[in-house]
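Each chain is listed here by its residues.
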Amino acid sequence: MAELTKAYLPGEVEERWYARWQEAGCFTADAGSEKPGYSIVIPPPNVTGILHLGHVLNNTLQDILARRARQEGKEVLWLPGTDHAGIATQTQVEKELRKTEGKTRRDLGREAFTERVWEWKEKYGGIIIGQLKRLGCSCDWTRLRFTMDEGYSREVQRVFVDLFRKGLIYRGLRMVNWCPVSLTALSDEEVIPKQQKGKFYTMRYEVVEEPGRFLEISTTRPETLMGDTAVAVHPEDERHADLIGKHVWRPFPRGPIPVIGDAAVDKEFGTGALKVTPAHDLVDFEIGVRHGLPVRDVLHADGRINCPECPELDGMDRFKARVKAAEMLGEAGALVKEEDYVNNVGYSERADVPIEPRLSLQWFLKYPSVAETAEAVASDAIRFRPERWKKTFAHWMGGLKDWCISRQLWWGHRIPVWYRKERAVALQGAETLDVGNIEGGDLHVSDVPPVDPENWVQDEDSMDTWFSSWLWPYATMDGPTQAKFYPTSDLVTGPDIIFFWVARMIMAGYEFKGELPFRNVFFTSIIRDRQGRKMSKSLGNSPDPIDLMAKYGADGLRFGLLRMAPTGSDVKFDEAQIEEGRNFANKLWNAARFRQMQGAELSGEEEGVGEQTSVFCLDVIAKLDRLQVEYAAALGDYSFNAAAQLLYDFFRGEYCDRFLEAAKPDLSAEAAAGARAAVLRTIDAVYGRFLQLLHPYMPHVTEELWSTMGYASGGRFLTVTPLEVRPLLEGVDAGVVRRAEESAAAVYETAARIRNLKAACGLPARRDLGFVLKPSAALLGRELATLGVLAGAGSIAVDGEYVKGRNTAGALTPLGEVYLPLTGLIDIEAERARLGKELERVQGEVAKVDAKLGSESFVSRAPEEVVEEHRQRRADWLMQSSQLGEMLRNLG
């Protein structure tokens, strides 16, 4: 054994071991291996992104799965990569361009701008990869992929062409979600509904045919009324039915517009009259199609008003125009009232601004392999964990709409469609474009450009980023790698992209590979602060994982985070738990140093259990064997939090607090050599096996201790050492083990009650007290010595005839009655008076809580958590009252 440093220094240890693992190729998968394969693909982070706590949780879980699979003797591929993140990356580069050069992308042109983005990617794209390595992720970095790699890009284009020729991709004029900041269309899944406080305006339009009669209309968006081409009412609404076929005056620009009848109008909402603006609302657009209404687009792409006929509003920001339009209505006497209003508004996921419904020519995909995808999840061919996400998935699959796959971006996979130059203008403006247009020879749809490019014009749009990442499980692998590792085994991801990514990957797997892409999907928790708020930079509640690793070590961060991440529930982040993760690493380190202090080289397990093996040794080995079974079951059920807690409880409680303390008499200078050797064999066997179990969670510190303590046979890394599944007590008589566990449990419980007795008498720190044990069963001298150490007793006299006297405290224990004579130790009368006052105070607290809980008004109106808190408070006070009463009785 090499000597350990006094203190554990995680930074130095983690950096050194990660470098050694990489140099030795520990994470490189062999596609030609005969071992059973295990594979998992990383959800690709944005190429210019940086690590956040969500990444830490997700990738730690993947690392646990990968390292555990290696321990099980499997050939493991954990394939890493990054996503080109079209909108996010282009936005970053454009901001930098404006800031440093005062230019826009259009000033540079498409080719030059794209080159700038590649430069940006090369400069910043490696940051998050380095951070994942700092976390200890055991990815096969030789297979690092990027969604804009040449081979990957070719597959994206091939898939587009294939789907187009199948008639599943088409271009059409549709109402889409438009981001006024990113200046691109968005899919429905990229729009996040947010509750907003706004205004509800009621205005009146004068009836053209009946001057002096007005039709009242309610809206939240008066800034778009210039685009009104009709007012719609329900044909069965008696209030307005007589107006159908007549006209009303639009206030500005002033002009007559028809009143039409349409069943889509909600009679109960507002006044029952709807301003119809076909260019800026999906429902209005559909009404307009049914009634042949003209379309007036009154917004520029960036959200400014586009209405030269209204110079007061033209060019104004849409939200400022809303206020101005309301003022203009008021001045014209057309504003009836203005009310506060709360409604849901769709926000661009990336730009975090309200989207605009916009009529636009876009490329759409009719989802493929829908039936197979739905059935795979419904039948558990693909298992969702937690299972409740199946219902969410099925609901979405039952209401699919065609996917808008085009984006008005320059960074990304360009649409592989070319128009013959002399027909380009006409084709690019055509409202419908599909596979039927190929026959005329004016359309070239291929993953290979035309041979005469000078005669063709390529479509300007790029594909949605998700259109590339839905191919991720297989398009990242070459032929031999697919043959060995596809379909993949597990996917770990967030539930927020169950539609963006998970569903679409399943579709792609069935459509292009003829089978499912993975067998299990584990959905991670959302990390929130202690107040339940989502982590965000604006709130200042999102700690930097790199800072946390610098402070507590990567292993401390990993283990601490996993212990507070219950399966299926949100995580309430508490830095104290990360600190506890570091403390656990220190505990592990100090336990190893304790073993080194005993001298002698590492002993093997081969000598087994002998006559000198104490009940405490047998007990801790049995608990380790049980831990291994329960831990394997927890991981098999993807209960990562429960598995971490099992490890924590065993090592801190059973191994350190109980066993090592119980072992001290057998490690003393006076102990028999055989007893000492048995303890050291137990320490070496249990500690070594525990390092293996803990390794997937805390890889660096366990590797360091495995090597330093001499477990690394032939210098083999722990990370590639198969986990021994044979129980340490295999072959030992079960009855012997059971009796040993019962005896050890009796001693541990008796020691705990003796310590409680000392505390109850106000003597918790005294280690020179003399106790009397009136035994209920025979007790070995070896166990009695251990009991004294565990209890912190000066002496324990065994007296089967002992009679309790006055001023003697006592407790009933599994080993019999234990007594502590108090005469001369404390002032009996003063202590009796103190306890009496304390009991009186506690009983008063019980009365207060009882009064609250006895009030029907409080119990029915207070939040459930508050009522539960009072019930728990009552239970705590009652326990204190009982303990104080017992202490008083002990004092006579």
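Quick note: structure is the one above.
The text that follows walks through the structure, step by step, so that each part is easy to find. The structure presented is a predicted model; accordingly, all values stated were derived computationally and were not measured.

1. A few points about the overall build of the chain
- Across its full length, the chain carries 28 helices and 30 strands.
- Projected onto its principal axes, the C-alpha positions of the chain cover 115 × 70 × 50 Å.
- A total of 892 residues make up the chain; the buried ones form 51% of that total.
- Across the chain, the fraction of contacts at a sequence separation of at least 24, relative to all contacts at a separation of at least 6, is 79%.
- Just so you have it, the chain exposes about 39,100 Å², and 50% of that area is on carbon and sulfur atoms.

2. Focus on the nonpolar core
- Phe 640, Phe 651, Tyr 655, Phe 659, Tyr 687 and Tyr 697 are the most contacted members of the largest nonpolar core, which totals 138 residues.
- A total of 14 residues in this core trace back to one element, the largest contributor, which is helix α21 (residues 640–667).
- In this structure, Phe 640 is in contact with Leu 61, Ile 64, Leu 65, Phe 522, Leu 562, Thr 567, Leu 635 and Tyr 697, ignoring residues within four places of it in sequence.
- Ala 424, Ile 498, Leu 516 and Phe 523 belong to the second largest nonpolar core, which has 61 residues in total.

3. Digging into the sheet that holds strand β27 (residues 770–775)
- Spatial strand order, β28-β27-β30-β29: four strands in an open sheet with mixed pairing. With one partner strand each, in any of the chains shown, β28 (795–798) and β29 (808–813) form the two edges of the open sheet. Neighbour to neighbour, the strand axes of the sheet diverge by 25 degrees on average, direction disregarded.
- In this structure, β29 lies alongside strand β30 (residues 816–821), joined through six bridges in antiparallel fashion. Of the residues in β30, the one forming a bridge with Ala 809 is Leu 820.
- Sheet contacts for helix α24 (residues 734–760): β27, β28, β29 and β30; angle to β29, the most-contacted strand, approximately 155 degrees.

4. A look at the side chain of Thr 682
- Position of Thr 682 relative to the elements: it lies in helix α22 (residues 673–694).
- Owing to a relative accessible area of 3%, Thr 682 belongs among the buried residues under this scheme.
- Setting aside its immediate chain neighbours within four residues, Thr 682 contacts Cys 617, Val 620, Ile 621, Phe 659 and Tyr 687.

5. Considering the sheet that holds strand β11 (residues 255–261)
- Sheet architecture is open: four strands sit in the order β10-β11-β9-β12, paired in mixed fashion. In this open sheet, the two strands that pair with only one neighbour each are β10 (247–250) and β12 (273–276). For this sheet, the mean inter-axis angle between neighbouring strands, taken without regard to orientation, is 35 degrees.
- With three bridges joining them, strand β9 (residues 230–233) and β11 adopt parallel strand pairing. By the bridge assignment for β11, Val 233 is matched with Gly 261.
- Along the sheet face, helix α8 (residues 282–291) touches β11 and β12 and points at about 85 degrees away from the line of β12.

6. Overview of helix α20 (residues 615–636)
- Over its 22 residues, α20 runs 31 Å from end to end, which matches the ideal 32 Å to within 8%, given 1.5 Å per residue.
- Immediately downstream of α20, the backbone of Tyr 638 shows phi near 60 degrees, a positive value.

7. Digging into the environment of Ala 31
- Assignment of secondary structure puts Ala 31 in the loop between α1 (10–23) and β1 (37–41).
- In sequence terms Ala 31 and Gly 479 are 448 residues apart; their C-alpha atoms lie 9.7 Å from each other.
- Setting aside residues no more than four positions away along its own chain, Ala 31 makes contact with Arg 143, Pro 480, Thr 481, Lys 484 and Phe 485.

8. Quick word on the environment of Arg 68
- With respect to the helices and strands, the residue Arg 68 is situated in helix α2 (residues 53–71).
- Under the relative-accessibility criterion, Arg 68 is labelled buried at 11%.
- Measuring from C-alpha to C-alpha, the distance between Arg 68 and Gly 532 comes to 32 Å, with 464 residues separating the pair along the chain.
- Contact partners of Arg 68, with chain neighbours within four places excluded, come to Tyr 631, Ala 632, Leu 635, Leu 693, Pro 696 and Leu 723.

9. Structural notes on α22
- The end-to-end C-alpha separation of α22 is 31 Å, in line with the 32 Å expected for 22 residues at 1.5 Å each.
- The buried count for α22 comes to 18 of 22 residues, which makes it a mostly enclosed element.

10. So, the side chain of Asn 641
- Residue placement: Asn 641 occurs in helix α21.
- Look past the residues within four positions of Asn 641 in its chain and what remains in contact with it is Leu 562, Arg 563, Met 564, Ala 565 and Pro 566.

11. Re the pattern of salt bridges
- What the rule picks out here adds up to 62 salt bridges.
- One continuous salt-bridge network, built from bridges that share partners, spans Arg 221, Glu 223, Arg 318, Arg 322 and Glu 356.

12. A closer look at the packing of helix α18 (residues 554–563) against helix α19 (residues 575–597)
- Between α18 and α19, the least distance of the axes is 7 Å, while the angle of their chain directions is 125 degrees. On the basis of the axis angle, α18 is oblique to α19. The two elements α18 and α19 meet at a crossing, and its hand is right-handed. Taken together, the residues of α19 that come into contact with α18 (itself represented by Gly 556, Leu 557, Phe 559, Gly 560, Leu 561 and Arg 563) are Gln 577, Ile 578, Glu 580, Gly 581, Arg 582 and Phe 584.

Conventions used here
- Residues numbered from 1 in each chain as written.
- Predicted model: local features only at pLDDT ≥ 70, side-chain atom pairs only at ≥ 80, totals over all residues.
- Heavy atoms only, no water.
- Helix = DSSP H or I, 4+ residues; strand = E, 2+ residues; numbered from the N terminus.
- Buried < 20%, exposed > 50% of the residue type's maximum accessible area, 1.4 Å probe, protein only.
- Contact = heavy atoms within 4.5 Å.
- Areas by Shrake-Rupley, 256 points an atom, 1.4 Å probe, with all protein chains shown as cover.
- Core = buried A, V, L, I, M, F, W, Y, C linked by side-chain atoms within 4.5 Å.
- Pairing = 2+ DSSP bridges.
- Axes fitted to C-alpha atoms, helices over the stretch in contact; angles between N-to-C directions.
- Expected span 1.5 Å × (residues − 1).
- Salt bridge = Lys/Arg side-chain N within 4 Å of Asp/Glu carboxyl O.
- Parallel < 35°, antiparallel > 145°, perpendicular 65-115°, else oblique.
- Left-handed = near helix turned anticlockwise from the far one by under 90°.

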